[in-house]
Each structure stands twice: as structure tokens, then as C-alpha cells.
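Listed below are the residues making up each chain.
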Amino acid sequence: MLGELLQQILSTVISTVSDVLPIAAIIFGFQFAVIRKPVPNFTKVIFGFIWVLIGLSLFLIGLEWALFPLGKLMAQQLTNPAFIAGVDSVSQIAADINLVWQDYAWVYVFAFLIGFSTTIAEPSLIAVAIKANEVSGGAIGIWGLRIAVALGVAVGISLGCYRIVVGDPIHYYIITGYIVVVIQTVFAPKLIVPLAYDSGGVTTSTVTVPLVAALGLGLAETVPGRSPLIDGFGLIAFASLFPMMSVMAYAQLSQWRSTRKQVQSVSR
């Protein structure tokens, strides 16, 4: 058992090194061959590079051993017919029972909470929020942006789980969502539009993607009549699309409140 664990860890480390080395080769190649300047604090950079490799390796091992099984297990338990029907075992369920989308309410609640919590903890979102706050001179709040993005992801994943349960074609939802995004782009403050578009990509990162993907696959495997290949994937698209809406809606709401306060102050 210990030998298998060490072998898996070694295999993950080797795979991570082989994936990261081309990136390092391009960066250092341009630094020395094109820019032709030495790397400042070269020793610290090398140590940091080693820590990145260690961190990525441990993260991938954690995904394989914990997050993927956890997301799949939660989806299976929440969609268990016995749990939905409120009985102790599947044998107690009537043969003619027909589950409808309302019966999966706990799945939607779990999807909302897991989407919100993983997005709040997303390191890439935290970095973008801090930089946006610095560049905007404090006009864009760090927590305001993080909560707006997290709410968008939470609503998107919940809606994506609903789509898996009812079996609707995914392109209907995505096309409708992008129509809403285009309309919002016209009316949203110009300052927030580029940031809103980037927020969709920021959410699909290290913490959110593994759990969301595992949730979608586990849900498609356990809902009767659903295919993991056809229905299990697609939740990441919802997690990328809805933050654009929520961030622009947050900016539009803030602008409306600011305009309202100005009107009230003038009227007085």
C-alpha cells in the first residue's frame, strides 16, 4: 500500500515537472536570448520555481484523492432515491414513483453553496480583485467584486444542475445567457465591462473546476436517463458565463444607487 502511494506521488511529480518545464524554458529563453538581461534575484526565482512544482504536485494529488471523490460522493448521496423519498432504503420506495425536478432541491442548494464557497476561496479571483482595487483607486471594492463573482458562479452552477436533472439542451441556456451579457454590455459602466469579461475566466481555476466537474459527472451518473458524457459536462460553462452577468449587474446597481443619491442631494 505504501509503495503504491509513493509510486503515485512520484508519478504526479514527474508529470508536473514535464508540464511546467516548457513554460519555464520559454520564460528563461526570452529573458536570456531576447531581452538579454540577467534575472533579478535569480536564486530566489529558482527556489520559488521549486516550491511551485511542489505545490502543484501536492495540489494534483489532493484533487485525485479528495476533491474529485468528495464531489462525486455528494452528488450520489443527494440524488439517492431513498434520500429524496425520505425513506431508509431503496426497497421501501414505491415502484411507480416518478421523480421531478423539484425533488432535487437539496442538489440545487448544495450546488449554490459549493459554487459560492469555492469561488470566494479562489486564489486567482483574490489576486484579480486586489489588482482591480489598486488600479481603480478604490472604486472597485475587493469584497464587492469577490461576492458578485461568487454569486454569479453559485447561480450558474445551480442552474446547470437543474439542466442536468431535466435534460434540456445546454446550448439553449448558453445562447440566452450571452444575449443577456451583450445587452448588459451596452448599459453597464464602461469601467467594469472588461473586468466582468475577465471574471468569467478567473472563476474556472484551481479550486472551483475540480469540485464542479466532479459534481456534474456524479449528478449525470445518478439521475435516471442522463449520460455522463453528454449531460455531465457543461457546468464549467455556466460557472464562466454567469459571473459576467453578476459583475455587470453589481456595477449597474452601484451606479444606480450613486445616481439616486446625487438626485436626492440636489433635490434637497
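## Concerning the layout of surface pockets
Here is step 1: Empty space within the largest pocket amounts to approximately 190 Å³.
Here is step 2: Lining the largest pocket are Ala139, Ile140, Gly141, Pro189, Leu191, Ile192, Tyr250, Ala251, Ser254 and Gln255.

## A short note on the side chain of Asp231
Here is step 1: Structurally, Asp231 can be placed in the loop between α9 (208-222) and α10 (235-267).
Here is step 2: Buried charged residue Asp231 carries no salt bridge. Nearest counter-charge: Arg163, at 4.2 Å.
Here is step 3: Not counting residues within four places of it along the chain, the set of residues in contact with Asp231 comprises Arg163, Ile164, Ala220 and Arg226.

## A short note on the nonpolar core
Here is step 1: Counting residues in each nonpolar core, the largest one holds 46 residues, and the members touching the most others are Leu145, Ile157, Cys161, Ile192 and Leu215.
Here is step 2: Counting residues per element, this core draws most heavily on α10, which supplies 10 residues.
Here is step 3: Excluding residues that lie within four positions of it along the chain, Cys161 makes contacts with Val107, Tyr108, Ala111, Leu215, Leu219 and Leu235.

## Notes on the confidence of the model for the chain
Here is step 1: In the predicted model, the chain carries a mean pLDDT of 83, and the fraction of residues at 70 or more is 93%.
Here is step 2: Put simply, helix α3 (residues 81-85) is where the chain has its lowest mean pLDDT, 71, and helix α7 (residues 170-187) is where it has its highest, 93.

## Examining the pattern of salt bridges
Here is step 1: Counted according to the given criterion, the structure contains 1 salt bridge.
Here is step 2: Between Lys131 and Glu134 there is a salt bridge, and its shortest N-O distance comes to 3.7 Å. Here Lys131 pairs with Glu134, and both are found in helix α5 (residues 123-135), just 3 residues apart, close to one helical turn. Grouping residues by exposure puts Lys131 and Glu134 together as exposed.

Criteria and cut-off values
Residues numbered from 1 in each chain as written. Predicted model: local features only at pLDDT ≥ 70, side-chain atom pairs only at ≥ 80, totals over all residues. Heavy atoms only, no water. 1 Å grid on protein atoms, 1.4 Å probe; cavity = no way out; pocket = protein on both sides within 12 Å on 5 of 7 lines; lining within 4 Å. Points joined across faces, edges and corners; volume = space filled by probe spheres on them. Helix = DSSP H or I, 4+ residues; strand = E, 2+ residues; numbered from the N terminus. Buried < 20%, exposed > 50% of the residue type's maximum accessible area, 1.4 Å probe, protein only. Lys, Arg positive; Asp, Glu negative; His and termini not counted. Salt bridge = Lys/Arg side-chain N within 4 Å of Asp/Glu carboxyl O. Contact = heavy atoms within 4.5 Å. Core = buried A, V, L, I, M, F, W, Y, C linked by side-chain atoms within 4.5 Å. pLDDT = per-residue confidence, 0-100.

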